[in-house]
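Read off the chains here:
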Amino acid sequence: ELFPPENYYVPSKISNQVVTFEKSGGAVLGFGNNVVMHITRETTGTISYLKVLPIHEGYGLVNKRAVKSIGPHTFYVNEKGVKSIDAQGRLDSLHALDGVIDAWSGSLESISMAYDSQGSVLFILNSSTKEAVLMWFGTSMVSELHDMPFDLVKTGQWYSDLSDEDSDLTERAFFLQNQPD
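Just so it is clear, the structure is predicted and the values come from calculations on it, not from any experiment.

Examining the nonpolar core
Soluble globular proteins: nonpolar side chains tend toward being buried together. By size, the foremost hydrophobic cluster in this structure holds 26 residues, and its most contacted members are F31, V77, W104 and I124. Among the secondary structure elements, those contributing two or more residues to this core are β2 (27–32), β5 (67–70), β6 (73–78), β7 (81–85), α1 (98–103), β9 (111–116), β10 (121–126) and β11 (131–136). Contact partners of F31, with chain neighbours within four places excluded, come to Q17, V18, V19, T20, E22, V36, L61, V67, T74, Y76 and I85.

This is the structure:
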């Protein structure tokens, strides 16, 4: 696909640099330290261009591993708590986790997130405090785990049926130790 040379965007502030991108429905969200960019492809007649809108200023990301898309929603952690953004850019807060994020305020750079589709659960791990929070989407419950000796939680592909190596791959959460940067 060819894009015209004038198809670029310069953020208004140098601090608005995008740290990571995450697909959310038909849009792409660019997360910075203090802003979220909503990026869509727009078409007007025969002209096609990328539309970049800075949205939710002051609601940036704590680190590049603290974000995960699940269907049309993207969940991420910032200093104010756990937030959810849908494909249209609407921001919601998950107040059930505000107390945990406040307790973790000194170690937000150690947070990572992963989604396990088999269990319908989102894992939020803080490797500094050795704690994890689990958001169970099937039951709308939240759990806490303590004494977690892991450095990172990541989403990856794994067999849906462990007894059949030809089975389909599904998204699973993996807890990693001694993970190099």
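Anyway, onward from the coordinates.
Concerning the pairing of strand β3 (residues 36–44)
Of the strand pairs in this sheet, β2 and β3 are connected by four bridges, and their pairing is antiparallel. The residue of β3 that forms the bridge with F31 is V36. Between β2 and β3, which pair antiparallel and follow one another directly, the connecting turn spans three residues. Across nine bridges, β3 lies against strand β4 (residues 47–55) in antiparallel orientation. Of the residues in β4, the one forming a bridge with T43 is S48.

Focus on the packing of aromatic side chains
Inspection of every chain in the model, using the stated rule, returns seven aromatic pairs. When the ring of F150 is compared with that of F175, the centres are 5.1 Å apart and the planes differ by 45 degrees; the resulting orientation is tilted. In this pair, F150 is assigned in the loop between β12 (141–146) and β13 (152–159) and F175 in strand β14 (residues 169–176), connecting sequence segments 25 residues apart. Seen from the ring of Y59, K80 lies directly overhead, with NZ or CZ sitting 4.9 Å from the centre.

Side note on the environment of S167
Assignment of secondary structure puts S167 in the loop between β13 and β14. Setting aside chain neighbours within four positions, we find S167 in contact with Y159, S160 and D161. Polar contacts involving the side chain of S167 include one to the main-chain amide nitrogen of D161, which spans 3.2 Å.

What to know about the sheet that holds β11
Strand order in the open sheet formed by four strands is β9-β10-β11-β12, and the pairing between neighbours is antiparallel. Each edge of the open sheet is held by one strand with a lone partner, namely β9 and β12. Each strand axis lies, on average, 20 degrees off the axis of its neighbour in the sheet, ignoring direction. Judged from the six bridges that link them, β10 and β11 form a sheet pairing that is antiparallel. Bridge pairing in β11 links L122 to M135.

Conventions adopted
Residues numbered from 1 in each chain as written. Predicted model: local features only at pLDDT ≥ 70, side-chain atom pairs only at ≥ 80, totals over all residues. Heavy atoms only, no water. Core = buried A, V, L, I, M, F, W, Y, C linked by side-chain atoms within 4.5 Å. Buried < 20%, exposed > 50% of the residue type's maximum accessible area, 1.4 Å probe, protein only. Helix = DSSP H or I, 4+ residues; strand = E, 2+ residues; numbered from the N terminus. Contact = heavy atoms within 4.5 Å. Pairing = 2+ DSSP bridges. Phe/Tyr/Trp six-rings, centres within 6.5 Å; stacked < 30°, edge-to-face > 60°. Lys NZ or Arg CZ within 6 Å of the ring centre and 35° of its normal. Polar contact = N/O pair within 3.5 Å; in protein donor to acceptor, adjacent residues only side chain to side chain. Axes fitted to C-alpha atoms, helices over the stretch in contact; angles between N-to-C directions.

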